[in-house]
Amino acid sequence: MSESYDIAEAVSDVDDERNAIAACMCENADAVARVRAIIRADHLLRPEHRAIFDGICRVADRGDVVNEITVGEDLARQGRLEEVGGLRYLSDMICRLPFSGAAEHYAKNTVERYVRRGLAQIGSRLTYSAFQFTIPVAEMCEQVTEQLAVLSHVGALGSSRNEPLNWDSFWQTDAQAEEWLVEPLLPRGRQVALFAPAKQGKSLLAFNIASALALGWPILDRPTGKPVRVSYFDLEMTEGDVQERLRDMGIGRHHDLSPLAYHLLPSLPPLTTPAGGAELMRLVKQHEAELVVVDTTSRVIDGPENEADTMRAFYLRTGLPLKAYGATLLRLDHAGKDPSKGQRGTSAKNDDVDLVWELMATQGGIRLRATHRRQAWIPDTVDLLRLTDPLRHVRAAQTWPAGTVEMAALLDELHLPIDVGRVKAREALGAAGKTGRNEVVSAALRYRREATTRPGTAPGTHNSGPEGTAAGDRSTIRFGDSPWDMPGQVPGEPRDTCVSLKGDTCSDGAAATQLQTGRHYA
């Protein structure tokens, strides 16, 4: 970025950048690392400060102690010591440092001033160009949008992702303390693609999950809990469609949906462009969203779906910033003409996500199959029932892998809490000299949680319902106190809903097809 000093000086405070550099030379190595994670040399206004900061980085990269002597020696070898004011200027910077321990504060202020200078310069150039009628308006808007996107990225992330892992602190954190946002479909902080042919219910499932999370309601294996903030970008439905689905799910005006930021038919720039990625990130950060839903992928990209470069651009501009921010992404997509070949378009759609679910309609529900997954602890298939009055999705009777009961008993013997995560459980098993496959450990953890609410379940190598029914037999799914207001139902009164796993009749004689809504959902 070229500097225009009349503008730059007006919005700059060289004290901050000088103090950030001084802190690097008089504090510890951690101060240098924190500052380098935020600023680059070109963020600094003064040329002499850029030269000194480059010297600091070279000294640190050699593994030497960073102080005014070592930095001065480095600059002397570069032939730039006198250019920056000599050792006297380096010492003077340290003497004028008002506070120690505030290196990160000075660095953040420096980046903010850099962004403000950039905004001032963009505004100045735009004012001039607006009166040059030889420049097309569309071209001006495109240039300004791209420049603003770059500045937004700098202000939001700095260069923090360019620094290597700090191994000392790396092992002190439990990176997988909470593996699931919604078990067993959405791993926390991961990027997930969900695809299906039209009218199979992928949007309905995503909307059901998003609304339940926002209300803190139970959904699939996630119990009632604190509301989760969700940003939902819907490029297909209308207000009428949204209202109808909410009513079907038992949600009305008396429910607090503020944690759900629902962007209906938003006018986003393509998410394959810097402007689109920056705008989506602005909205996500503004809402502090933990889950981001994009419905559907084909409507937010501006390149051919069958070209790998299009999806690579989506990941670079949108997927990567979301992952760096820590949000979970659920990206909906259509199946190709041949469903067996996966998502419509390029196979690169599978490359930039951690998990790909294929959704298929079944009698009274849906089946999800993991066609691609990075994590071995994610199940191969998940069967869901779609129930009505209110409309919701619940787990069908599941298959417990062999060894689940024994592993659950072992976890009990180790006195592990019911809500312990897989990583901590494996650590405890290792300390006790025991081992187990990820699949079995995960199943045992889930079984222990379910056993507290569904006594009598006897998992084995077959499908087990709440009463331990064998594979293929009828089972009863019991819903206790529910957050939904059922028509004709006293709020909080327990009720039973009987579901046939064979697809014939329920145990109360009602037709299993009554569980379906009779509507076609996308």
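Residues numbered from 1 in each chain as written. Predicted model: local features only at pLDDT ≥ 70, side-chain atom pairs only at ≥ 80, totals over all residues. Heavy atoms only, no water.

**Student:** How do you make sense of the overall build of the protein when you look at a structure like this?
**Tutor:** Within the protein, the regular secondary structure consists of 16 helices and 15 strands. Per-residue burial for the protein yields a buried fraction of 47% across its 522 residues. Looking at the protein alone, contacts between residues at least 24 apart form 67% of all its contacts between residues at least 6 apart. A total accessible area of about 25,500 Å² is found for the protein, and carbon and sulfur atoms account for 51% of it. (Helix = DSSP H or I, 4+ residues; strand = E, 2+ residues; numbered from the N terminus. Buried < 20%, exposed > 50% of the residue type's maximum accessible area, 1.4 Å probe, protein only. Contact = heavy atoms within 4.5 Å. Areas by Shrake-Rupley, 256 points an atom, 1.4 Å probe, with all protein chains shown as cover.)

**Student:** Even after reading the chapter, I still don't get unusual backbone geometry, so can you show me in this structure?
**Tutor:** Glycine aside, a negative phi is what most residues show, and trans is what most peptide bonds show. Cis geometry is found at the peptide bond from Glu 183 to Pro 184, where omega equals 10°. Along the chain, Pro 184 falls in the loop between β1 (180–182) and β2 (186–187). In the segment running from Asp 389 into Pro 390, the intervening peptide bond is cis, with an omega of 0°. As for its placement among the helices and strands, Pro 390 is situated in the loop between β10 (381–387) and β11 (392–395). Of note in this structure, Leu 220 is not a glycine but carries a positive phi near 55°. Relative to the helices and strands, Leu 220 is located in the loop between α10 (202–215) and β4 (230–234). Leu 220 sits in the buried class, given a relative accessible area of 16%. Even without being glycine, Leu 265 reaches a positive phi, approximately 50°. Among the secondary structure elements, Leu 265 is positioned in the loop between β5 (260–264) and α12 (274–287).

**Student:** Honestly, helix α14 (residues 404–413) in this entry has me stumped. Any pointers?
**Tutor:** Every α-helix carries 3.6 residues per turn, so stepping three or four residues along brings you back to the same face. Taken as a whole, α14 has its buried residues at Thr 404, Met 407, Ala 408, Leu 410 and Leu 411. One face of α14 carries all of its buried residues, which in axial projection span an arc of 160°. Those residues of α14 that are exposed and aimed more than 90 degrees away from the buried face are Glu 406 and Glu 413. Check the buried side of α14 and you find it contacts α15 (422–431) and α16 (438–451). Trailing α14 by a residue or two, His 415 shows a phi angle of about 60°, which is positive. (Arc of directions from axis to C-beta.)

**Student:** Just checking my understanding: could you explain the packing of helix α2 (residues 14–26) against helix α7 (residues 103–130) for this structure?
**Tutor:** Between α2 and α7, the least distance of the axes is 8 Å, while the angle of their chain directions is 145°. Of the two possible hands of crossing, α2 and α7 adopt the one that is left-handed. Along the contact surface, α2 presents Asp 16, Glu 17, Asn 19, Ala 20 and Ala 23, while α7 presents Ala 103, Tyr 106, Ala 107, Asn 109 and Thr 110. Taken together, the residues of the contact of α2 with α7 break down into five nonpolar, three polar and two charged. (Axes fitted to C-alpha atoms, helices over the stretch in contact; angles between N-to-C directions. Left-handed = near helix turned anticlockwise from the far one by under 90°. Nonpolar A, V, L, I, M, F, W, Y, C, P; charged D, E, K, R; others polar.)

**Student:** So what exactly am I meant to see when it comes to the environment of Ala 107 here?
**Tutor:** Tracing the backbone shows Ala 107 in helix α7. Through-space distance from the C-alpha of Ala 107 to that of Arg 18 is 9.5 Å; in sequence the pair is 89 residues apart. With residues near it in sequence (within four places) discarded, Ala 107 still touches Ala 20, Val 35, Ile 38 and Ile 39.

**Student:** Mind showing me how you'd approach the pattern of salt bridges here?
**Tutor:** Between side chains of opposite charge, a pair can form when the charged atoms approach closely. Counted by the stated rule, this structure contains 28 salt bridges. Note that Arg 62 and Asp 74 form a salt bridge whose closest N and O atoms lie 3.1 Å from each other. Note that Arg 62 is positioned in the loop between α4 (47–61) and α5 (68–77) and Asp 74 in helix α5, a separation of twelve residues in sequence. When the shortest N-O distance is used, the salt bridge between Arg 448 and Asp 412 registers 2.8 Å. Of the two residues, Arg 448 sits in helix α16 while Asp 412 sits in helix α14, which places them 36 residues apart along the sequence. On the accessibility criterion, Asp 412 (42% relative accessible area) is partly exposed. Put simply, Glu 183, Asp 221, Arg 395, Arg 446 and Arg 449 are held in one network by salt bridges that share partners. (Salt bridge = Lys/Arg side-chain N within 4 Å of Asp/Glu carboxyl O.)

**Student:** How should I be thinking about the environment of Ala 361 in this particular structure?
**Tutor:** Within the element layout of this structure, Ala 361 appears in strand β8 (residues 355–362). C-alpha of Ala 361 to C-alpha of Lys 202: the two residues are 159 residues apart in sequence and 9.7 Å apart in space. Dropping the residues within four chain positions of it, Ala 361 is found in contact with Gln 200 and Ile 366.

**Student:** Would you take a moment to explain the pairing of β8 for this structure?
**Tutor:** The side chains of a regular strand alternate between the sheet's two faces. Here four bridges tie strand β3 (residues 191–196) to β8, and the two strands are oriented parallel to one another. Following the sheet pairing, Leu 194 is matched in β8 by Trp 357. Direction of pairing for β8 relative to strand β9 (residues 365–373): antiparallel, over a ladder of eight bridges. Bridge pairing in β9 links Thr 362 to Gly 365. Between β8 and β9, which follow one another and run antiparallel, lie two residues, and Gly 364 among them has a positive phi close to 80°. (Pairing = 2+ DSSP bridges.)

**Student:** How should the confidence of the model for the protein be read in this particular structure?
**Tutor:** Any segment with low pLDDT has predicted coordinates that should not be analysed in fine detail. Overall, the prediction assigns the protein a mean pLDDT of 79, with 76% of residues at 70 or greater. For the stretch residues 157–161, pLDDT sits under 50, and the model shows ten contacts to residues farther than four places along the chain or on other chains. Note on residues 455–521: pLDDT under 50 across the span, and 137 contacts to partners over four residues away in sequence or across chains. (pLDDT = per-residue confidence, 0-100.)

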